[in-house]
Amino acid sequence: PYFMTLLAHTVKNRAFDRTEFSEQMNALEHIVKHTQSDGQTLILDALHGEAYRHVGLGMPLVCPPRNLSALTIDDLAEFMDQLYTPQRVVVAAAGVEHAALVDLAEATLASLPASNRVGPNAASQYVGGEWR
């Protein structure tokens, strides 16, 4: 019960500290910069992008630097609002009676606001391609 309560509290009462957000963005910029110089990652990104026409599996593995610099704390909040909705949350556990887990999930997560917004769930379809 403790961990479900903690999970529910984290999802429902999220708070983003601007200083921590800034520190994490600086760390991400360093990681992205390093990844951009990794030939294997660049080739894999390019191949998947062409093979799946930049949809689903064709999306970049790492955030492009131009997108990273545009991210804001409000973008993070909107992302959380879109993803942490009842229709998208899955609760799984081992060694727990199913009925007890369902009751606990309903008690702790039922008040999550529903969302009518549908995210980009386009199925990946291999189309092949050529990249030069």
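About the cut-offs
Residues numbered from 1 in each chain as written. Predicted model: local features only at pLDDT ≥ 70, side-chain atom pairs only at ≥ 80, totals over all residues. Heavy atoms only, no water. Helix = DSSP H or I, 4+ residues; strand = E, 2+ residues; numbered from the N terminus. Rg over C-alpha atoms; globule rule 2.2 N^0.38 Å. Buried < 20%, exposed > 50% of the residue type's maximum accessible area, 1.4 Å probe, protein only. Contact = heavy atoms within 4.5 Å. Areas by Shrake-Rupley, 256 points an atom, 1.4 Å probe, with all protein chains shown as cover. Salt bridge = Lys/Arg side-chain N within 4 Å of Asp/Glu carboxyl O. Expected span 1.5 Å × (residues − 1). Phe/Tyr/Trp six-rings, centres within 6.5 Å; stacked < 30°, edge-to-face > 60°.

Participant: When you look at the overall build of the protein chain in this model, what are you seeing that I'm missing?
Facilitator: Counting its secondary structure elements, the protein chain contains six helices and zero strands. For the protein chain, the succession of helices and strands along the chain, N to C, is α-α-α-α-α-α. A compact globule built from 132 residues should have a C-alpha radius of gyration of about 14 Å, whereas the protein chain, at 19 Å, is more than 25% larger. For the protein chain, the C-alpha atoms occupy an extent of roughly 55 × 40 × 30 Å along the three principal directions. Across the 132 residues in the protein chain, those meeting the buried criterion constitute 20%. Residue pairs in contact within the protein chain that sit at least 24 positions apart in sequence constitute 78% of those at least 6 positions apart. Counting only carbon and sulfur atoms, one obtains 58% of the accessible surface of the protein chain, whose full area is about 10000 Å².

Participant: Would you mind going over the pattern of salt bridges with me for this structure?
Facilitator: Going through the model one piece at a time under the given rule, you end up with two salt bridges. Arg 14 is the partner of Asp 81 in a salt bridge, and the nearest nitrogen-oxygen pair spans 2.3 Å. Of this pair, Asp 81 sits in helix α5 (residues 73-83) while Arg 14 sits in the loop between α1 (2-12) and α2 (18-36), and the two are 67 residues apart along the sequence. Residue Glu 50 is joined to Arg 53 by a salt bridge in which the shortest nitrogen-to-oxygen separation is 3.6 Å. Judged by its relative accessible area of 22%, Glu 50 is partly exposed.

Participant: Would you explain helix α3 (residues 39-51) in this entry?
Facilitator: For an α-helix, 3.6 residues make a turn, and residues three or four places apart therefore share a direction. Taking 1.5 Å of rise per residue, the 13 residues of α3 would be expected to cover 18 Å, and the 18 Å separating its terminal C-alpha atoms lies within 8% of that figure. Taken together, the buried positions of α3 are occupied by Thr 41, Asp 45, Ala 46, Gly 49 and Ala 51. Elements in contact with the buried residues of α3: α2. Backbone geometry just downstream of α3 places Arg 53 in the positive-phi region, at approximately 50°.

Participant: Would you mind going over the packing of aromatic side chains with me for this structure?
Facilitator: The way to describe two aromatic rings as a pair is by their centre distance and the angle between their planes. This model, assessed by the stated rule, comprises two aromatic pairs. Aromatic side chains Tyr 2 and Phe 3 sit 5.3 Å apart centroid to centroid with 75° between the ring planes, which places their arrangement in the edge-to-face category. Among the residues examined, Phe 3 registers a relative accessible area of 64% and is labelled exposed. On the basis of an interplanar angle of 75° and a centroid distance of 5.8 Å, the ring pair of Tyr 52 and Tyr 126 is categorised as edge-to-face. In this pair, Tyr 52 is assigned in the loop between α3 and α4 (65-68) and Tyr 126 in the segment after α6 (98-109), connecting sequence segments 74 residues apart. Note on Tyr 126: relative accessible area 58%, which makes it exposed.

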